[in-house]
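# Fold and geometry: a report
Single-letter residue listing:
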Amino acid sequence: MDCTLAMIKPDAVAAGKASEIQQLAEMHGFLIIAKRQLQLTTRLAEDFYAEHKGKAFFNGLVEFMTSGPIVALVLSKAGAIRAWRELMGPTNVFDARLKAPKSLRALYGSDGTRNATHGSDYPQSAAREIKFYFPNLQLA
Ligand code: ATP
Ligand code: MG
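Residues numbered from 1 in each chain as written. Chains lettered and ligands numbered in written order. Predicted model: local features only at pLDDT ≥ 70, side-chain atom pairs only at ≥ 80, totals over all residues.

## Looking at the confidence of the model for the protein
Taken over all residues, the pLDDT of the protein has a mean of 97, while the share at 70 or more is 99%. As a predicted assembly, this complex carries a pTM of 0.96 together with an ipTM value of 0.95. (pLDDT = per-residue confidence, 0-100.)

Given below as structure tokens:
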């Protein structure tokens, strides 16, 4: 079965929405294979988002991602990567509210950076990100 790496970001965890988001994931047919709640350090957040280093929003993103605990999840479903990104909606919450009002980011995010959830974008990034949080997880 295909897997993706999801995060419930600090805004949604602080708002007490982590369980609700996991329930929605399960209602949409995702299986939660692994789960960890942790606080990212600056170094870990910079590593995780290394592809965005040098972009105008990078420092704000790292600051946001280290502002409180996150929940990292390995989700499994056929076509998991695409299906999870579809359920999350567009990156920008204002776009999400217009184009996908029932999406997770429309429902739980608050702006361009504080958008409640993360999902891997390609199989290679899913593999890297799953290893980042769950180095000992063996996926069949
Ligand atoms: P994620 O990787 O978190 O799932 P994404 O793949 O939809 O989101 P990316 O382009 O990878 O979007 O950006 C990573 C994160 O950086 C976004 O989720 C958002 O929190 C933040 N971000 C992206 N673009 C901007 C922007 N223009 N202004 C502010 N923050 C941004
Ligand atoms: Mg991304």
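So much for the structure itself; the text now carries on.
## Points about the environment of Ile 130
Note on placement: Ile 130 falls in helix α8 (residues 123–133). Distance in space between the C-alpha atoms of Ile 130 and Ser 76 is 12 Å, their sequence separation being 54 residues. Discounting residues that sit within four places of it in the chain, Ile 130 has contacts with Cys 3, Leu 5, Val 74 and Leu 137. (Helix = DSSP H or I, 4+ residues; strand = E, 2+ residues; numbered from the N terminus. Contact = placed C-beta atoms within 7 Å.)

## Quick look at unusual backbone geometry
With a phi close to 70°, Ala 116 is a non-glycine residue in the positive phi region. Locating Ala 116 in the fold gives a position in the loop between α7 (104–108) and β4 (117–119).

## Section: the environment of Leu 61
Checked against the element boundaries, Leu 61 lands in helix α4 (residues 58–65). Assessed through the 19 C-beta atoms surrounding it within 10 Å, Leu 61 is described here as partly exposed. Spatially, the C-alpha atom of Leu 61 lies 8.3 Å from that of Arg 114, the residues being 53 residues apart in sequence. Beyond its immediate sequence surroundings of up to four residues, Leu 61 is in contact with Tyr 49, His 52 and Thr 113. (Buried ≥ 20, exposed ≤ 12 C-beta atoms within 10 Å, placed from the backbone.)

## Observations concerning the site of ligand 1
Around ligand 1 lies a shell formed by His 52, Phe 57, Leu 61, Thr 91, Gly 112, Thr 113, Asn 115, His 118, Gly 119 and Asp 121. Here the shell around ligand 1 is composed, by residue class, of two nonpolar, seven polar and one charged. (Near = placed C-beta within 6 Å. Nonpolar A, V, L, I, M, F, W, Y, C, P; charged D, E, K, R; others polar.)

## Things to note about helix α2 (residues 18–27)
Within the sequence span of α2, burial applies to Ala 18, Ile 21 and Ala 25. For α2, the arc enclosing every buried residue in end-on projection is 65°, short of the 170-degree limit, so these residues lie on one face. Of the exposed residues in α2, the ones pointing more than 90 degrees away from its buried face are Ser 19, Gln 23, Glu 26 and Met 27. Check the buried side of α2 and you find it contacts β1 (3–8), α1 (10–14), β2 (31–38), β3 (70–76), α7 and β4. Positive backbone phi, at 90°, marks Gly 29, one or two positions downstream of α2. (Arc of directions from axis to C-beta.)

## Regarding α8
Helical geometry: 3.6 residues make up each α-helical turn, so side chains three or four residues apart lie on a common side. Buried within α8 we find Ala 126, Glu 129 and Ile 130. Relative to the axis of α8, the buried residues are bounded by an arc of 105° and lie together on one face. Against β1, β3 and α5 (80–88) lie the buried residues of α8.

## Quick word on the UniProt feature "active site" (unreviewed entry) in the protein
Here the UniProt-annotated "active site" (unreviewed entry) positions come out as His 118. One can find His 118 in strand β4. Those residues within four positions of His 118 in sequence are excluded, and the remaining contacts are Ala 6, Met 7 and Lys 9. (UniProt positions renumbered as here; feature names shortened; annotations may be inferred.)

## Side note on the sheet that holds β2
One open sheet holds the four strands; their spatial order is β2-β3-β1-β4, and the pairing between them is antiparallel. A single partner strand is all that each edge strand has here, and the edge strands are β2 and β4. Across the sheet, the mean angle from the axis of one strand to that of its neighbour is 20°, orientation sign disregarded. Inspection of the sheet shows β1 paired to β4 by three bridges, in the antiparallel sense. (Pairing = 2+ DSSP bridges. Axes fitted to C-alpha atoms, helices over the stretch in contact; angles between N-to-C directions.)

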